[in-house]
Amino acid sequence: MNYRWSTVPFVLRDAIESDIGHVRTASPLEWMRSVPMVAVLRTRTHRAVVVKAAPESHISGAEYLRREAVAAPRVAELATQMLGTYQVGGWVANITAFHRARFVNLSPESPDLPRVARALDAARRTHYGSPLPSLSDRWSDVLSADDRHLLRGQFLLHTNLHPTNLSIYSALSVPRVHIVGWGRAVLGPRWAEFTLFYRQLRRAGHTPSGAVAWLHQFPEWRTAALPERVTALARAMQLGASRHDHDIWAELVSPPAR
Ligand SMILES: Nc1ncnc2c1ncn2[C@@H]1O[C@H](COP(=O)(O)OP(=O)(O)O)[C@@H](O)[C@H]1O
Ligand SMILES: [Mg+2]
């Protein structure tokens, strides 16, 4: 079930309005799938904000918002600015600064690619021990202990760098990529973010060798994405994947060494 701003419990609206002022308009935002309530709020006194909210009973939505609240401030130079987090009246909510932006184009000749590379490289450097689950926890029941070990790491990974999570913010003289959608962030090894990005490059029309060549610009990919590590992650990603994605991940599975 989805909610509108007007149907959110009064105590939560009141808490948010005490920070940003009386909400004059609440307009829906497209592209939102993870949480059941999202809107752009406008007031007389505060800049426009995006509110995302979920009742605690919406397990995945509430978890998404908690993780976003942990992760986004730790990558502040990349993420949209987190202005407030709330846990009121049985609901969880985050508000972030609203940016008018367009999604990146990841196709092979796109001028956005170098900008995306800069953002990925910055994300590579921002790593902190944070209270987030581990990448390998996603498959705790199904992966072998050895494979789980290969996926261990202490770096903050976004894990879902779909183009709708990569916005070009062009109000600046040098257009910059903002990364949104931090609700699936986990801790893991740095090379995993690049490996996961392979799928986005393939979906955007890169050939398998073209996608690997693009990833080669990142030192972390060149030095740490060893075949057995990439294979462990690609195999894990195949579990429950669509047919199309399953085939993309198969391209990264190396034959066993003889
Ligand atoms: N602060 C923001 N300013 C402008 N647009 C935003 C902002 N936050 C999210 N969005 C838009 O909402 C969409 C969905 O948000 P996101 O956090 O990625 O959730 P989901 O996991 O459901 O995709 C994004 O793709 C982006 O277009
Ligand atoms: Mg998203």
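For the structure, check the block above.
So, a few notes on the structure that sits alongside this text.

Calculation notes
- Residues numbered from 1 in each chain as written.
- Chains lettered and ligands numbered in written order.
- Predicted model: local features only at pLDDT ≥ 70, side-chain atom pairs only at ≥ 80, totals over all residues.
- Helix = DSSP H or I, 4+ residues; strand = E, 2+ residues; numbered from the N terminus.
- Rg over C-alpha atoms; globule rule 2.2 N^0.38 Å.
- Buried ≥ 20, exposed ≤ 12 C-beta atoms within 10 Å, placed from the backbone.
- Contact = placed C-beta atoms within 7 Å.
- Pairing = 2+ DSSP bridges.
- Axes fitted to C-alpha atoms, helices over the stretch in contact; angles between N-to-C directions.
- Near = placed C-beta within 6 Å.
- Domains from an automatic or database assignment.
- Core = buried A, V, L, I, M, F, W, Y, C linked by C-beta atoms within 7 Å.
- Arc of directions from axis to C-beta.
- Parallel < 35°, antiparallel > 145°, perpendicular 65-115°, else oblique.
- Left-handed = near helix turned anticlockwise from the far one by under 90°.
- Nonpolar A, V, L, I, M, F, W, Y, C, P; charged D, E, K, R; others polar.

1. Quick word on the overall build of the protein chain
Helix and strand counts for the protein chain stand at nine helices and 10 strands. Compactness check: the protein chain gives a C-alpha radius of gyration of 19 Å against a globular reference of 18 Å for 258 residues, within 12% of the reference. Here the protein chain, with 258 residues, has 37% of them falling under the buried criterion. Long-range contacts, defined as pairs at least 24 residues apart, comprise 67% of the intrachain contacts of the protein chain with a sequence gap of at least 6.

2. Some remarks on the sheet that holds strand 3 (residues 49–55)
With antiparallel pairing, the five strands of this open sheet are ordered in space as 1-2-3-5-4. Bordering the open sheet on either side are strand 1 (23–28) and strand 4 (82–88), each of which pairs with just one other strand. Each strand of the sheet is rotated relative to its neighbour by a mean of 25°, with strand direction disregarded. Inspection of the sheet shows strand 1 paired to strand 2 (residues 37–43) by five bridges, in the antiparallel sense. Within the sheet, the bridge partner assigned to Val23 lies in strand 2 and is Thr43. Where helix 1 (residues 10–20) meets the sheet, it contacts strand 1, strand 2, strand 3, strand 4 and strand 5 (91–97), and its direction lies at approximately 150° from that of strand 4.

3. Thoughts on the environment of Trp5
Mapping Trp5 onto the fold places it in the segment before helix 1. Take Trp5: there are 20 C-beta atoms within 10 Å of it, and that puts it in the buried class. Between the C-alpha atoms of Trp5 and Glu56, which are 51 residues apart in sequence, the distance is 16 Å. When neighbours within four sequence positions are excluded, Trp5 is seen to be in contact with Val23, Ala26, Ala39 and Leu41.

4. Looking at the site of ligand 1
As a structural note, the neighbourhood of ligand 1 is formed by 17 residues, with Ser34, Val50, Thr80, Thr164 and Gly181 the closest of them. For the shell around ligand 1, the two domains that each supply at least three residues are domain 1 (5–97) and domain 2 (102–250).

5. Concerning helix 5 (residues 190–203)
With 12 of its 14 residues buried, helix 5 lies for the most part within the structure. Within helix 5 the residues assigned to the buried category are Arg190, Trp191, Ala192, Glu193, Phe194, Thr195, Phe197, Tyr198, Arg199, Gln200, Leu201 and Arg202. Remark: Gly205 follows helix 5 within two positions and exhibits a positive phi of approximately 105°.

6. Examining unusual backbone geometry
Unusually for a residue other than glycine, Thr159 sits at a positive phi of about 75°. Tracing the backbone through its elements, the reader meets Thr159 in the loop between strand 7 (155–157) and strand 8 (166–169).

7. Quick word on the sheet that holds strand 9 (residues 176–179)
Spatially, three strands are ordered 6-8-9 in an open sheet, and the strand pairing comes out antiparallel. In the strand order of this sheet, the two ends are held by strand 6 (102–103) and strand 9, each with one partner. Across two bridges, strand 6 lies against strand 8 in antiparallel orientation. Residue pairing across strands places Phe103 opposite Ser167, the latter belonging to strand 8.

8. Quick word on the nonpolar core
Counting 50 residues, the largest nonpolar core has Ile179 and Leu233 as its most contacted members. Beyond its immediate stretch of four places on either side in the chain, Leu233 contacts Leu151, Ala192 and Thr195. Core analysis: the second largest hydrophobic core is formed by 20 residues, Trp5, Val8, Leu12 and Ala93 among them.

9. Some thoughts on helix 1
Regarding helix 1, the residues found buried are Leu12, Arg13 and Ile16. Projected down its long axis, helix 1 shows its buried positions confined to an angular sector of 95°, all on one face. Set apart from the buried face of helix 1 by more than 90 degrees, the exposed residues are Phe10, Asp14 and Ser18. Contacts made by the buried residues of helix 1 are with strand 3, strand 4 and strand 5. Two residues or fewer after helix 1 comes Gly21, characterised by a positive phi angle close to 95°.

10. Side note on the packing of helix 8 (residues 227–238) against helix 9 (residues 243–250)
Close contact between helix 8 and helix 9 brings their axes to 9 Å; oriented N to C, the two are set at 170°. The orientation of helix 8 with respect to helix 9, classified from their angle, is roughly antiparallel. Mapping the contact onto sequence places Ala234, Met237 and Gln238 in helix 8 and His246, Trp249 and Ala250 in helix 9.

11. Describing the packing of helix 5 against helix 6 (residues 208–215)
It is the contact of helix 5 with helix 6, at a shortest axis distance of 10 Å, that shows an interaxial angle of 135°. With respect to helix 6, the element helix 5 is oriented oblique. You can see that helix 5 and helix 6 cross each other, and the crossing is right-handed. Within the contact between the two elements, helix 5 uses Phe194, Tyr198, Leu201 and Arg202 and helix 6 uses Pro208, Ala211, Trp214 and Leu215. Residues belonging to the contact of helix 5 with helix 6 are distributed by class as follows: seven nonpolar, no polar and one charged.

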